[in-house]
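Each chain, written out:
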Amino acid sequence: MLVSIYRYNPEKDQTPFMEDINIDIPEGKDLMVLDVLHLLKEKDSSVAYRRSCREGVCGSDGLNMNGKNGLACITPLSDVVKKDKLVIRPLPGLPVIRDLVVDMSMFYKQYEKIKPFLINDTPAPAIERLQSPEDREKLDGLYECILCACCSTACPSFWWNPDKFVGPSGLLQAYRFLADSRDTAQDERLADLDDPFSVFRCRGIMNCVSVCPKGLNPTKAIGHIRNMLMQRST
Amino acid sequence: MVASVTSLGRNGLYDWMIQRVSAVVLAAYSVFIIGYLALTPELTYEAWSGLFAGTCMRIFSLLALLCLGAHAWVGLWTISTDYMKATGVRFIFQAACGVVMFAYVAWGILVIWGL
Ligand code: SF4
Ligand code: SF4
C-alpha cells in the first residue's frame, strides 16, 4: 500500500512536503492506521507522531486520514483506504511542530476559557454533592469527550477564528457544565458566551459531528447553549 | 468574552436573532411579491404603482428594506471577520459596506415614500 505522509522538520526542511512510502500490509488482517504508522516508523525512525493508549481513550493520535479527521488507533484501513492509497496529514488548522505533531495550545486555551470545572458557592456537604439519576443522565453524550480535537480542527469557523471561537469541543464541555445540576455559575457561564464569536460563529454545518470518534454531537450542545442564551435575554 | 464593537446588536445573541427575524421578514416579502406577480395576469403601471401606494404596503416594504440592510450588515460583518485578517483591509471593507448599505436604505426610503 502506498502511504503518503506529511513531513516537516523545521530544523531541516524549508517547507513541509508529502513523502510517499510503500508499506507491505500483512495479508488477512485489517490493521488500524496507527499500526501502519508503526510499520512506517520501522522503516524511517524520524517520523514523528503522538500516541499513547492505542485504544481510542487518550485522544492523542487525532490525525487527518484521507481527508477525514479521526483517531488513528481506532480507524481501520478498510474504512479509509481508497485505491490502495492512504494520505496522512496532521490535524488541519493548528500550527505544525513536526510531521504529524501539532501545537494544541490554541485548542486548550479555548477549553480553559469555558471554565471546565464545577463551580458551586454553596457550603460543601459532608460527603458529596448528590445528583438524581435524571440529572446525571443529562450529562450523557457530553462527559465522554476525550479532547482529541478532531472536531474543532474539522470546523471552518475554528480555522478562521481559533482565538475567538470556542469551537465544538470547548462548547460541548461548556454545555456539559451548564447542564450540571451541581453547578451554580450558570449565569456567569452564559454571560461569558454571549459575544458574537464564542458560540455564534457556529454555522451549523456539522463537520464536528461527522468526525467525532466518540460519536458525540457538539452541534446539538451548541443549539442548547443558544436556547439558554435566548431564554436568559428574552 | 470577546468584545466586539462593530457587530450590529453589539452581542452575538442579538446579531443572531436579527439575522433570523430579518430572514423571515425577507422570505415573507419575497413570497408576497412573487405571489403578486404570479397572480396578476396583466401587470400594468397603474396596478404596480397602486400596490405601492397603500400605507400597509409601504410599511411592509420599509420593513423589508430595513431588514435587508440589517441582514446584509450582520452577514457581511461576519464574513469580513472570518476571511479578512488584516485590520486595515477589514476596516475599509466594513466601512464601505456600511456606507453602501446606508445609501441604499436611504434611497429605498425615498423611492417607497416618494418623498
Ligand atoms: S456545527 Fe458548528 S461547531 Fe460544528 S463544525 Fe459546524 S460550525 Fe463548527
Ligand atoms: S467532541 Fe469528539 S471529536 Fe471533539 S474533542 Fe471531544 S471526543 Fe474529540
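Residues numbered from 1 in each chain as written. Chains lettered and ligands numbered in written order. Predicted model: local features only at pLDDT ≥ 70, side-chain atom pairs only at ≥ 80, totals over all residues. Heavy atoms only, no water.

Caption draft 1: Layout of the overall build of chain B. A tally of regular secondary structure across chain B gives 4 helices and 0 strands. Seen in sequence order, chain B has helices and strands lined up from the N terminus as α-α-α-α. What you see for chain B is a C-alpha radius of gyration of 17 Å, clearly larger than the 13 Å of a compact globule of 115 residues, by over 25%. Considering only C-alpha atoms, chain B reaches an extent of 55 × 25 × 20 Å along its principal axes. (Helix = DSSP H or I, 4+ residues; strand = E, 2+ residues; numbered from the N terminus. Rg over C-alpha atoms; globule rule 2.2 N^0.38 Å.)

Caption draft 2: Structural view of the confidence of the model for chain B. Residue and element names in this part refer to chain B. When pLDDT is averaged along chain B, the result is 89, and 90% of the positions lie at 70 or above. Per-element averaging of pLDDT across chain B places helix 2 (residues 45-51) at the bottom with 89 and helix 1 (residues 12-39) at the top with 94. Complex prediction metrics read pTM 0.90 and ipTM 0.81. (pLDDT = per-residue confidence, 0-100.)

Caption draft 3: Structural view of the site of ligand 1. Residues and elements named next belong to chain A. Lining the immediate surroundings of ligand 1 are Cys155, Ser157, Pro168, Cys202, Arg203, Gly204, Ile205, Met206, Asn207, Cys208, Thr219 and Ile222. More than half of the atoms of ligand 1 fall within 2 Å of the grid points belonging to the largest pocket. Breaking the shell around ligand 1 down by element, the ones donating at least two residues are helix 8 (207-211) and helix 9 (218-233). Of the residues belonging to the shell around ligand 1, the class tally is 7 nonpolar, 4 polar and 1 charged. (Near = heavy atom within 4 Å. 1 Å grid on protein atoms, 1.4 Å probe; cavity = no way out; pocket = protein on both sides within 12 Å on 5 of 7 lines; lining within 4 Å. Sits in = over half its atoms within 2 Å of the grid points. Nonpolar A, V, L, I, M, F, W, Y, C, P; charged D, E, K, R; others polar.)

Caption draft 4: View of helix 4 (residues 87-113) of chain B. The terminal C-alpha atoms of helix 4 of chain B, which comprises 27 residues, lie 38 Å apart, in line with the 39 Å expected from a rise of 1.5 Å per residue. Among all positions of helix 4 of chain B, only Gln94, Cys97, Met101, Val105, Gly108 and Ile112 of chain B are buried. (Expected span 1.5 Å × (residues − 1). Buried < 20%, exposed > 50% of the residue type's maximum accessible area, 1.4 Å probe, protein only.)

Caption draft 5: Region of interest: the nonpolar core. Core analysis: the biggest nonpolar cluster contains 35 residues, and Leu171, Tyr175, Leu178, Leu193, Val199, Ile225 and Leu229 of chain A have the highest contact counts within it. If you list the elements that add at least two residues to this core, you get helix 6 (167-178) and helix 9 of chain A together with helix 1 of chain B. In this view, Leu171 of chain A contacts Phe165, Val166, Leu193, Ser198, Val199, Ile222 and Ile225 of chain A; residues no more than four positions away in its chain are not counted. Membership of the second largest hydrophobic core comes to 32 residues, among which are Val36, Leu71, Ala72 and Cys150 of chain A. (Core = buried A, V, L, I, M, F, W, Y, C linked by side-chain atoms within 4.5 Å. Contact = heavy atoms within 4.5 Å.)

Caption draft 6: Spotlight on the layout of surface pockets. Taken as a whole, the largest pocket spans an internal volume of roughly 400 Å³. In terms of lining residues, the largest pocket is bounded by 30 residues, among which Ser157, Phe200, Arg201, Cys202 and Arg203 of chain A are the most central. When residues of the lining of the largest pocket are traced back to their parent elements, those giving at least two are helix 5 (156-160), helix 8 and helix 9 of chain A together with helix 1 and helix 3 (55-83) of chain B. Per-element tally for the lining of the largest pocket: the top contributor is helix 3 of chain B, with 7 residues. Looking at the lining of the largest pocket, its residues break down into 17 nonpolar, 8 polar and 5 charged. (Points joined across faces, edges and corners; volume = space filled by probe spheres on them.)

Caption draft 7: Structural view of the interface of chain A and chain B. Residue-level contacts link 19 residues of chain A with 16 residues of chain B. A per-residue breakdown of the area chain A buries against chain B is headed by Trp160, Pro196 and Arg201 of chain A, which together make up 31% of the total. There are 1 salt bridge connecting chain A and chain B. A salt bridge links Asp82 of chain B to Arg201 of chain A; the nearest nitrogen and oxygen atoms lie 2.8 Å apart. Between chain A and chain B we count 9 residue pairs in polar contact (both at pLDDT 80 or more) in total. In terms of residue count, helix 9 of chain A provides more of the side of chain A that touches chain B than any other element does, 4 residues in total. (Buried area = accessible area lost by both parts, 1.4 Å probe. Salt bridge = Lys/Arg side-chain N within 4 Å of Asp/Glu carboxyl O. Polar contact = N/O pair within 3.5 Å; in protein donor to acceptor, adjacent residues only side chain to side chain.)

Caption draft 8: A look at the packing of helix 9 of chain A against helix 1 of chain B. Their axes nearest at 10 Å, the elements helix 9 of chain A and helix 1 of chain B cross at an angle of 100°. Taken together, helix 9 of chain A and helix 1 of chain B sit at an angle that is classed as roughly perpendicular. For the pair helix 9 of chain A and helix 1 of chain B, the contacting residues are Arg226, Leu229, Met230 and Ser233 of chain A in the first and Leu13, Tyr14, Trp16 and Met17 of chain B in the second. Tallied by class, residues from the contact of helix 9 of chain A with helix 1 of chain B come to 6 nonpolar, 1 polar and 1 charged. (Axes fitted to C-alpha atoms, helices over the stretch in contact; angles between N-to-C directions. Parallel < 35°, antiparallel > 145°, perpendicular 65-115°, else oblique.)

Caption draft 9: Representation of the environment of Phe158 of chain A within the structure. All names here are of chain A. Within the secondary structure layout, Phe158 lies in helix 5. When the C-alpha positions of Phe158 and Asp195 are compared, they lie 15 Å apart, and in sequence the two are 37 residues distant. Not counting residues up to four positions away in its chain, the partners in contact with Phe158 are Leu94, Phe107, Gln110, Ser152, Thr153, Phe165, Val166 and Gly167.

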